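Overview (structure and organization)
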Amino acid sequence: MFFVDTLEFEGLGNRSYLAGGPRAAVVVDPPRDIDQVIAAAARRGVRIAYVAETHVHNDYVTGGLELARVTGAQYLVPAGAHVSFARTAVADGDTAGVDTGLVLRAIATPGHTPHHTSYVLEEDGRGVAAFTGGSLLIGTVGRPDLVEPRLTEQLARAQHASAHRLVAELDDEVPVLPTHGFGSFCSSSQAEGDATTIGKERTSNDALTLDVDTFVAQMLAGLEDVPAYYAHMGPANAAGPAPVDLTPPRRANGEEIASRLAAGEWVVDLRSRMAFADGHVAGSFNFEGDGKLATYLAWLIPWGKPVTLLADTPEQIADAQRELARVGIDRPAAAATGDPAGWIRAGEQLASFPRARFADLADVRERGDDVVVLDVRRDSERAGGFIEGSVHIPIHELHGRIGEVPDGTVWVHCAGGMRAAIAASLLDAAGRDVVAVDDGFDAATDAGLPLASG
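Presented here is a report on the structure given in the accompanying data block. (Residues numbered from 1 in each chain as written. Predicted model: local features only at pLDDT ≥ 70, side-chain atom pairs only at ≥ 80, totals over all residues. Heavy atoms only, no water.)

**Thoughts on the packing of aromatic side chains**
Centre distance and the angle of the planes are the two values used to describe a pair of aromatic rings. Evaluation of the coordinates by the stated rule reveals eight aromatic pairs. Look at Tyr17 and Phe131: their rings are 5.4 Å apart centre to centre, the planes differ by 55°, and that puts the pair in the tilted class. With Tyr17 in strand β2 (residues 14-20) and Phe131 in strand β10 (residues 126-133), the pair connects residues that are 114 residues apart, well separated along the chain. When sorted by exposure, Tyr17 lands in the same class as Phe131, which is buried. Taken together, Trp266, Phe285 and Phe287 form an aromatic cluster joined through their ring pairs. Cation over ring: Arg382 sits above Phe386, and NZ or CZ is 3.9 Å from the ring centre. (Phe/Tyr/Trp six-rings, centres within 6.5 Å; stacked < 30°, edge-to-face > 60°. Helix = DSSP H or I, 4+ residues; strand = E, 2+ residues; numbered from the N terminus. Buried < 20%, exposed > 50% of the residue type's maximum accessible area, 1.4 Å probe, protein only. Lys NZ or Arg CZ within 6 Å of the ring centre and 35° of its normal.)

What follows is the structure in structure tokens.
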């Protein structure tokens, strides 16, 4: 008998897998923080015999090299990947015996990257699980534009061919177990659902239901902006990431926090957007620990800028530290927890700004108040409808474009409230009067706000 355990990382929209038999297992696309993988193997009572990468990842730092070193496992990396460390190079058709009757077979599936490789777990010669990495996802495929712009169309066509190869070689009941596609920006479009099979994809995935020209045209037209930090992930993974250090950061008091802010460093408040709006250190930024912390903080922060974390509890700091390490933000400069009053110097006051609903914005506009409405959603979201007269600056561009926001009180919104809270904190730190709209965008119509499209 075989097993497959899924390790889910919601913040990055990714999954890793531990799969094997009663004695030994393989880990596919492990996270940077390998302790939880080792713990999962210990719960199963299995030895990690292989660590397999489907590709050199562009959206997170892998723990594969360190996991293989710690466990003594063979490190399987696609032969076409250019890396700077010793590994077992895997080519199309190569196999590895995981346990009695269990074999891992490599299938070349270029598209997400030129060297992308999927792995099929076979029990007694029959495919029982397909680890498809950034190739065949749930209802979509991995995006082809992360390697080299000049290769994008070629890789998109390769994605189409790779998807067809997978369904041609595997039975309909074989589970498809991708690494990306659960909110990851490595996905060419956002998938629905969290489980699928070869048979389901055969009938519903555009890569398998559309001809190649139509598929490629639609995919290329729908690609979103690439998170800025992706530029650093591939090189880090190719060089061989260092072991992660998750020991607690040094504790900071109000004096040190003020000093770090004065030096231009980032101070990030992980508390809820409600708590932050009510009272925060002036100049700090709000990235909720329960949101897509790693994605948005890594996207916005100037790479290499020291960051100090503020939170209610040490546990929240530890969780954030773990998530940030997955994208290469390894060591916070400092941290502070507890009462925010302890994060400022004697005699200083916490800053604050109001939160509101779209109905409140409608009331303000009806009174004739001169306010700026700032939409920080992505281009694709805005194309579906936007508030007439609103200014549009996507959240990932705002830090460098605050000077473009017109004068006046800024009512900032997104689709649900989280990104608006980030934007409000950026504007507040820049000295702007701001109101954070904490509401679902559907409520704009209910409030009677006129919408435009285009």
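Text resumes after the structure shown.
**A short note on the pattern of salt bridges**
One pass over the full model with this rule turns up 35 salt bridges. The partner of Arg143 in a salt bridge is Asp145, and the shortest N-O contact between them spans 2.7 Å. Taken as a pair, Arg143 and Asp145 share a single burial class, namely buried. Taken together, the shared-partner salt bridges in this structure form one network comprising Asp92, Arg105, Glu122, Arg165 and Glu169. (Salt bridge = Lys/Arg side-chain N within 4 Å of Asp/Glu carboxyl O.)

**Structural notes on the pairing of strand β15 (residues 334-337)**
Two elements, strand β14 (residues 307-311) and β15, share four bridges in a ladder whose sense is parallel. Bridging from a neighbouring strand, Leu309 pairs with Ala335 of β15. In this fold, β14 hands off to helix α11 (residues 314-325), which returns the chain to β15; that crossover is right-handed. (Pairing = 2+ DSSP bridges. Right-handed = clockwise from strand over helix to strand, strands pointing away.)

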